Amino acid sequence: MSITTVGEHIVHYEALGRGQPVIFIHGWLGSWRYWWSSMQGLSAHCRTFALDLWGFGDSSKVVEKYSLDGYIELLDQFIDRLGIATPVVLVGHGLGASVALRYAVKRPGPVARLATVALPINGKHLDTRLAEGNVSDVASRVLRRGDTFPEVEGELRKTDPVALTHLVAELSQLDFASDVSLVEHPLLMVFGAEDPIVRPPNGTLPTLGEGANHRAYVSFDTCSHFPMLEETARFNRLILEFLRAEDNLSALAPKEYWHRRTH
């Protein structure tokens, strides 16, 4: 377990690998832990980091910092405190996707490229039942049966319900479509087609991935809210190809990951 301090407060994080810095940012359910398989998958090529946001995992519970701006500030301070070489790659999921995207718009200098997973482009696509009651109870009601994972369940009890409530309420009122159009960095947007927590964009919204070669919209057709856990090998391969891609991202798509058969 690794920690750093921001002011008087503790930020828990883990790091693995060497190379291009990649920072993983978790969502409303869980903590850094569900990124571990992705950190392992990329560690031969990248220096990967995953942190717990305020109110989640083993980071401090700091109620006055439970906001999108508070987490953007935390990410900025985290990069500074650890002396992480910039520009960095950001990979955010749900709440973390919103943090990564808004950070890239507000502070483009330290960012090389970013990938969002289950980004609530419009707050109306977010299931606000997340803000109701006990965190574990909410997760069991909102997620489909079979969509629970030990990497998530084991960390839910550490979540401050106030953080969950505040951030769901805030993001349910926001629209990130303009942020997407403003990002100048290569941007990969990933959605699980069967996600009950952040409904994938429909209608004309997928065109956000079109009209600019530096943006790509990718759907995992059989995945729910956690494609990094449901389709780990395919997800990791997609992220790795995104990191290696040139400016034109139009060819990015989930691909099968073939393993050598052993006897």
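Up top you'll find the structure we're talking about.
All values reported here derive from a predicted model rather than from experimental measurement.

### Regarding the environment of Leu 143
Looking at where Leu 143 falls in the secondary structure, it is placed in the loop between helix H4 (135-142) and helix H5 (150-156). Remark: the alpha-carbon pair of Leu 143 and Ser 219, spanning 76 residues in sequence, is separated by 18 Å. The contacts of Leu 143, once residues within four sequence positions are left out, are Leu 29, Pro 196, Ile 197, His 225 and Phe 226.

### As for helix H6 (residues 161-171)
All of the buried residues along H6 are Ala 163, Leu 164, Leu 167, Val 168 and Leu 171. Along the long axis of H6, the arc covered by the buried residues comes to 120°, so they all point the same way. Where H6 is buried, its residues touch helix H2 (68-82), helix H3 (95-106) and H4. Capping of H6 at its N-terminal end is provided by Asp 160; its side-chain oxygen lies 3.0 Å from the backbone amide nitrogen of Val 162.

### Brief notes about the side chain of Thr 116
Within the element layout of this structure, Thr 116 appears in strand E6 (residues 111-117). On the accessibility criterion, Thr 116 (0% relative accessible area) is buried. The residues contacting Thr 116, other than those within four sequence positions of it, are Gly 92, Ala 97, Leu 187, Leu 188, Met 189 and Val 190.

### So, the pattern of salt bridges
Applying the stated criterion across every chain yields a total of nine salt bridges. Among the salt bridges present, the one from Glu 155 reaches Arg 33, with a minimum N-O distance of 3.4 Å. One end of the pair, Glu 155, is in helix H5; the other, Arg 33, is in the loop between strand E3 (20-25) and helix H1 (36-42), with 122 residues separating them in the sequence. Among the salt bridges present, the one from Asp 127 reaches Arg 129, with a minimum N-O distance of 2.8 Å. Using a relative accessible area of 12% as the deciding quantity, one classes Asp 127 as buried.

### Section: the pairing of strand E4 (residues 46-51)
Of all six residues in E4, five are buried; the element is thus mostly enclosed. For E3 and E4, the ladder comprises six bridges, and the chain directions are parallel. Across the sheet, the residue bridging to Phe 24 is Ala 50, located in E4. Taking the sense of rotation as the criterion, the β-α-β connection linking E3, H1 and E4 turns out right-handed.

### Structural notes on the packing of H2 against H3
Where H2 contacts H3, the two axes come as close as 9 Å, and the packing angle between them is 70°. Between H2 and H3, the interaxial angle falls into the category roughly perpendicular. Within the contact between the two elements, H2 uses Leu 68, Asp 69, Tyr 71, Ile 72, Leu 75, Asp 76 and Ile 79 and H3 uses Leu 95, Ser 98, Val 99, Arg 102, Tyr 103 and Lys 106. Taken together, the residues that form the contact of H2 with H3 break down as eight nonpolar, one polar and four charged.

### Here we look at unusual backbone geometry
Between Thr 86 and Pro 87 the backbone carries a cis peptide bond, its omega angle lying at 5°. Secondary-structure assignment places Pro 87 in the loop between H2 and strand E5 (88-93). Even without glycine at this site, Ala 118 takes up a positive phi of about 55°. With respect to the secondary-structure elements, Ala 118 resides in the loop between E6 and H4. On the basis of relative accessibility, which here comes to 1%, the residue Ala 118 falls in the buried class.

What counts and how
Residues numbered from 1 in each chain as written. Predicted model: local features only at pLDDT ≥ 70, side-chain atom pairs only at ≥ 80, totals over all residues. Heavy atoms only, no water. Helix = DSSP H or I, 4+ residues; strand = E, 2+ residues; numbered from the N terminus. Contact = heavy atoms within 4.5 Å. Buried < 20%, exposed > 50% of the residue type's maximum accessible area, 1.4 Å probe, protein only. Arc of directions from axis to C-beta. Polar contact = N/O pair within 3.5 Å; in protein donor to acceptor, adjacent residues only side chain to side chain. Salt bridge = Lys/Arg side-chain N within 4 Å of Asp/Glu carboxyl O. Pairing = 2+ DSSP bridges. Right-handed = clockwise from strand over helix to strand, strands pointing away. Axes fitted to C-alpha atoms, helices over the stretch in contact; angles between N-to-C directions. Parallel < 35°, antiparallel > 145°, perpendicular 65-115°, else oblique. Nonpolar A, V, L, I, M, F, W, Y, C, P; charged D, E, K, R; others polar.

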